[in-house]
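This is what each chain is made of:
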Amino acid sequence: RNHSSLHPGPRNLAKLAIEVVLMRFVGQETFSQPQGEIWDKVSDLQFMAQLIPDLDRIEQVDSDQLLCRVKPKFAFLAGSLQLRFTVLERDPPNHLKMSIVGKKIGAGLTLEVTISLAMDPLTCLTWEGEVQQRTGLLKPIGNSLIQGAAENIITTLWASFRQALSDENQPS
């Protein structure tokens, strides 16, 4: 009598564990500008939309939602991807939480991003992103590949954010 279907073997358990592991990204940025000024920018979807790497076009934007298209330059994600940013929590000037849902034909991605601000004595911005779901063509792609791509996008985004801040602070 074979009971193996009732008791998952080590191979089945390993596969299960991989599915459950969430990908998390965390980081910190420090700014000389006051917390309120950084909050006004980071919570302004219109401002942030301009900084999204590989932005193709903005389709819709208001205070709590942004819909845009990006054309990422990653071999594993050819073509255009629609991104929907939705603000879930807003506690000015300290805390912002949003969901980001990416969709394209045959693939999807859901992330949750949290941004926290504090003065210490400079403005310290702590961000955390968590991939909550990957579907379709994105599911089999290795975590290290996605991690590398995400780190690339995040680094570019914060560099653009700093550049936009310094551009605004230049006397015209």
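Peer 1: Account for the packing of helix H2 (residues 35-42) against helix H4 (residues 143-168), naming residues and giving values.
Peer 2: Their axes nearest at 12 Å, the elements H2 and H4 cross at an angle of 120°. Handedness of the crossing formed by H2 with H4: right-handed. On H4, the residues touching Ile 38, Lys 41 and Val 42 of H2 are Trp 158, Phe 161, Leu 165 and Glu 168. When the residues that make up the contact of H2 with H4 are grouped by side-chain class, the tally is five nonpolar, no polar and two charged.

Peer 1: Before we move on, can you summarise the side chain of Thr 123 with the specific residues and values?
Peer 2: With respect to the helices, strands and loops of the structure, Thr 123 is situated in strand S7 (residues 123-136). For Thr 123, a relative accessible area of 0% puts it in the buried group. At 3.0 Å, the side chain of Thr 123 and the backbone nitrogen of Gln 35 are in polar contact. Among all residues touching Thr 123, those that are not within four sequence positions of it are Glu 29, Thr 30, Phe 31, Gln 33, Pro 34, Gln 35, Ile 38, Leu 117 and Ala 118.

Peer 1: Give me the nonpolar core: which residues, what numbers.
Peer 2: In this structure, Val 42, Phe 85, Leu 125, Trp 158 and Phe 161 are the most contacted members of the largest nonpolar core, which totals 42 residues. Ranked by residue count, the leading element in this core is H4, at eight residues. Excluding anything up to four places from it in sequence, Phe 85 contacts Ile 52, Asp 64, Gln 65, Leu 66, Cys 68, Met 98, Ser 99 and Ile 100.

Peer 1: Mind laying out empty space enclosed by the protein, listing which residues take part and the relevant values?
Peer 2: Summed over all chains, the structure comprises one cavity of 30 Å³ or more. Volume-wise, the largest cavity comes out at about 840 Å³. Contributing to the lining of the largest cavity are 36 residues, with Phe 85, Ile 100, Leu 111, Ile 153 and Ile 154 lying nearest its centre. Those elements that provide at least two residues to the lining of the largest cavity are helix H3 (45-49), strand S3 (65-70), strand S4 (81-91), strand S5 (95-104), strand S6 (107-119), S7 and H4. For the lining of the largest cavity, the element with the most residues is H4, which contributes seven residues. Split by residue class, the lining of the largest cavity holds 33 nonpolar, two polar and one charged.

Peer 1: How would you sum up the environment of Val 101? Please name residues and give values.
Peer 2: Within the fold, Val 101 resides in strand S5. Taking the C-alpha atoms as reference points, Val 101 and Leu 81, 20 residues apart in sequence, are found 9.9 Å from one another. Setting aside its immediate chain neighbours within four residues, Val 101 contacts Gln 82, Leu 83, Arg 84, Leu 109 and Thr 110.

Peer 1: Would you mind going over the pattern of salt bridges in detail, with residue names and values included?
Peer 2: Counting across every chain of the model gives eleven salt bridges. Note that Asp 54 and Lys 73 form a salt bridge whose closest N and O atoms lie 2.6 Å from each other. On the criterion of sequence distance, the pair formed by Asp 54 in the loop between H3 and strand S2 (55-61) and Lys 73 in the loop between S3 and S4 is long-range, its members being 19 residues apart. Its relative accessible area of 25% is what places Asp 54 among the partly exposed residues.

Peer 1: Can you explain the pairing of S5? Please cite residues and give values.
Peer 2: Note: S4 against S5, nine bridges, orientation antiparallel. The residue of S5 that forms the bridge with Leu 83 is Gly 102. Between S4 and S5, which follow one another and run antiparallel, lie three residues. The sheet contact formed by S5 and S6 spans ten bridges and is antiparallel. By the bridge assignment, Met 98 is partnered in S6 with Val 113. Between the antiparallel neighbours S5 and S6 lie two residues, among them Gly 106 with a positive phi of about 80°.

Analysis parameters
- Residues numbered from 1 in each chain as written.
- Predicted model: local features only at pLDDT ≥ 70, side-chain atom pairs only at ≥ 80, totals over all residues.
- Heavy atoms only, no water.
- Axes fitted to C-alpha atoms, helices over the stretch in contact; angles between N-to-C directions.
- Helix = DSSP H or I, 4+ residues; strand = E, 2+ residues; numbered from the N terminus.
- Left-handed = near helix turned anticlockwise from the far one by under 90°.
- Contact = heavy atoms within 4.5 Å.
- Nonpolar A, V, L, I, M, F, W, Y, C, P; charged D, E, K, R; others polar.
- Buried < 20%, exposed > 50% of the residue type's maximum accessible area, 1.4 Å probe, protein only.
- Polar contact = N/O pair within 3.5 Å; in protein donor to acceptor, adjacent residues only side chain to side chain.
- Core = buried A, V, L, I, M, F, W, Y, C linked by side-chain atoms within 4.5 Å.
- 1 Å grid on protein atoms, 1.4 Å probe; cavity = no way out; pocket = protein on both sides within 12 Å on 5 of 7 lines; lining within 4 Å.
- Points joined across faces, edges and corners; volume = space filled by probe spheres on them.
- Salt bridge = Lys/Arg side-chain N within 4 Å of Asp/Glu carboxyl O.
- Pairing = 2+ DSSP bridges.

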